[in-house]
Amino acid sequence: MNECSGTYMSEPKHGRKLTVPILAVALVIAIASTGFMYYQYQDLTNGLGKAVTDLGLKPSNTPAGQISTLADEIQAKRSQVASLTGTVDRLTGQVSDLTKQVNNLTQQITSLQASLDAAAKQHQADLATISSLQDQISTLQAEKALLQNQITYLNQQISSLNSQISSLNSQIDSLKSQVTSLQTQVANYKNIVQLGVSKTYIDHETISQPAYWYTYWTFNDVQYAGYFQVTIHTSTTTTTYIQVVYTYGGVTWAFEYDPGVQGSVIFPVLPGSVEVRVGNRNLISGATETVSIIYVY
């Protein structure tokens with residue numbers, strides 16, 4: 001069976017079924033053996049008759065001893081014939097059994113042959129399916145490689161864009177800080193334009209000076225145009241005076257006001273160094289004043 005299957009697989013279109021010829025040969029050998037034994041039986045019978053004829057003996061005129069011997073030989077031949085007949089029957093039964101086995105094996109071979117044909121067709125179909133799947137795998141692998149390249153490229157772009165975003169965020173933070181600072185400056189400038197900012201230099205400070213003399217303060221941080229408000233809260237003389245002196249654009253400006261024992265005056269100023277003087281014009285005695293100075297810009 002294995003040899004038959006192997007032969008079929010190597011030559012699927014011209015395979016030979018070897019089992020049937022072998023069984024046929026066995027059947028022929030069995031029939032030939034039976035014929036040979038029957039031929040021996042016939043040969044022995046013919047030989048016995050020929051021997052009697054050659055001796056010229058007849059049953060009616062043979063001596064008793066010869067007759068007895070021939071009878072024994074005939075009986076022996078008959079026993080041989082009976083034995084050969086049994087052998088023929090036995091071989092005939094074997095031939096019958098072998099014939100049945102041959103038929104059974106023939107049916108099995110036919111069934112196996114059909115199974116092999118179906119398996120061969122299925123194998124061809126499977127090979128076609130495998131080839132198609134391999135083509136699909138090759139296509140998908142190529143698409144995968146292409147997509148992987150695209151992913152790598154896009155990841156590089158994402159990394160670059162993230163760096164740009166980080167840089168832009170830093171710039172935005174810096175610009176926001178600048179905007180906040182500029183907004184603060186704008187608000188300050190608005191206050192300055194609207195004279196909404198003030199700085200108190202002197203607050204209710206009591207000073208004294210001798211007759212016909214003055215006390216002064218110099219302020220070097222006057223950065224914007226505005227005004228100084230000088231207030232005499234109290235004074236021990238009616239000859240109290242206030243002077244504001246500053247230089248701007250190469251020109252010296254001086255303003256003076258006499259508040260008496262009490263009063264407040266406003267002097268316009270420009271950026272630069274400003275000197276504020278508070279004094280008296282007494283000829284004999286000195287004076288004492290309580291002063292406040294505020295810079296508004």
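Going by the structure above, here's the rest.
Attention in this report is confined to the structure presented alongside it. (Residues numbered from 1 in each chain as written. Predicted model: local features only at pLDDT ≥ 70, side-chain atom pairs only at ≥ 80, totals over all residues. Heavy atoms only, no water.)

**Quick notes on the packing of aromatic side chains**
Cut-off, in case you're wondering: Only Phe, Tyr and Trp rings take part, Trp by its six-membered ring, and two of them pair if their centres are within 6.5 Å. Stacked means planes under 30 degrees apart, edge-to-face means over 60, and tilted covers everything else. What counts as a helix is a DSSP run of H or I of at least four residues, what counts as a strand is a run of E of at least two, and both are numbered from the N terminus. The criterion for a charge sitting over a ring is simple: Lys NZ or Arg CZ within 6 Å of the ring centre, and within 35 degrees of the ring normal.
Throughout the structure, instances matching the rule amount to eleven aromatic pairs. Residues W213 and Y214 carry aromatic rings whose centres are separated by 6.2 Å and whose planes lie at 15° to one another, so their mutual orientation is stacked. Geometrically, the ring pair formed by F255 and F267 is tilted, given 6.4 Å between the ring centres and 45° between the ring planes. Of this pair, F255 sits in strand β5 (residues 251-257) while F267 is found in strand β6 (residues 263-269), placing the two residues twelve residues apart along the sequence. Geometry around Y241 places R281 over its ring, the cationic atom sitting 4.3 Å from the centre.

**Considerations on the sheet that holds strand β4 (residues 241-248)**
The strands that make up a sheet are held in pairs by hydrogen bonds between backbone atoms, and each pair lies either parallel or antiparallel. Filter applied, for reference: Should DSSP find at least two bridges between two strands, the strands are taken to pair. Angles here are taken between N-to-C directions and fall from 0 to 180 degrees, while the axes themselves are lines fitted to C-alpha atoms, restricted in helices to the stretch in contact.
Strand order across the open sheet formed by four strands is β2-β7-β4-β5, with antiparallel pairing between neighbours. A single partner strand is all that each edge strand has here, and the edge strands are β2 (214-222) and β5. Strand-to-strand twist in this sheet, taken as the mean axis angle between neighbours without regard to direction, amounts to 15°. As paired strands, β4 and β5 are joined by seven bridges and run antiparallel to one another. Counted as the bridge partner of V244 is F255 from β5.

**Observations concerning the side chain of T237**
Cut-off, in case you're wondering: Whenever two N or O atoms come within 3.5 Å, that pair is a polar contact, provided that in protein one can donate a hydrogen and the other can accept it, and provided that, for residues adjacent in sequence, both atoms are side-chain atoms. When checking whether two residues touch, look at their non-hydrogen atoms; a contact exists if any pair is within 4.5 Å.
Of note, T237 is situated in the loop between β3 (226-235) and β4. Polar side-chain contacts of T237 include one of 3.0 Å to the side chain of T239. Look past the residues within four positions of T237 in its chain and what remains in contact with it is G260, V261, N280, N282 and A287.

**A few points about the nonpolar core**
What counts is decided by this rule: Only buried residues count toward a nonpolar core. Its members are Ala, Val, Leu, Ile, Met, Phe, Trp, Tyr and Cys residues joined through side-chain atoms within 4.5 Å. Residue exposure (1.4 Å probe, protein chains only): buried if accessible area is under 20% of the type maximum, exposed if over 50%, otherwise partly exposed.
Within the largest apolar cluster, 24 residues are counted, with the highest numbers of intra-cluster contacts made by W217, F219, F228, V276 and I293. When contributions to this core are tallied by element, the ones reaching two or more residues are β1 (198-209), β2, β3, β4, β6, β7 (272-279) and β8 (287-296).

**Focus: unusual backbone geometry**
The phi dihedral of H204 is positive, around 50°, even though this residue is not glycine. Inspection of the secondary structure assignment puts H204 in strand β1.

**With respect to the sheet that holds β3**
As summarised here, the arrangement of the four strands in space is β1-β8-β3-β6, forming an open sheet in which the pairing is antiparallel. The open sheet terminates on both sides in strands that have one partner only, identified here as β1 and β6. Pairs of neighbouring strands in the sheet enclose a mean axial angle of 20°, with direction left out of account. In terms of strand pairing, β1 meets β8 through nine bridges, oriented antiparallel. Among the inter-strand pairings, E205 is bridged to a residue of β8, identified as V291.

**Points about a nonpolar patch on the surface**
Selection criterion: Put simply, a patch holds well-exposed residues, over 30% relative accessible area, that have no salt bridge, with like charges counted together within 9 Å and Val, Leu, Ile, Met, Phe, Trp or Tyr side chains within 5 Å. The method behind every accessible area is Shrake-Rupley, applied with a 1.4 Å probe, and residues are considered shielded solely by the protein chains displayed. What makes a salt bridge here is a side-chain nitrogen of Lys or Arg within 4 Å of a carboxyl oxygen of Asp or Glu, nothing more.
On the surface, Y153, L154 and I158 cluster together into a nonpolar patch covering about 300 Å² of accessible area. Summarising the element assignment, Y153 is placed in helix α3 (residues 64-193). You can call Y153 partly exposed: its relative accessible area is 49%.

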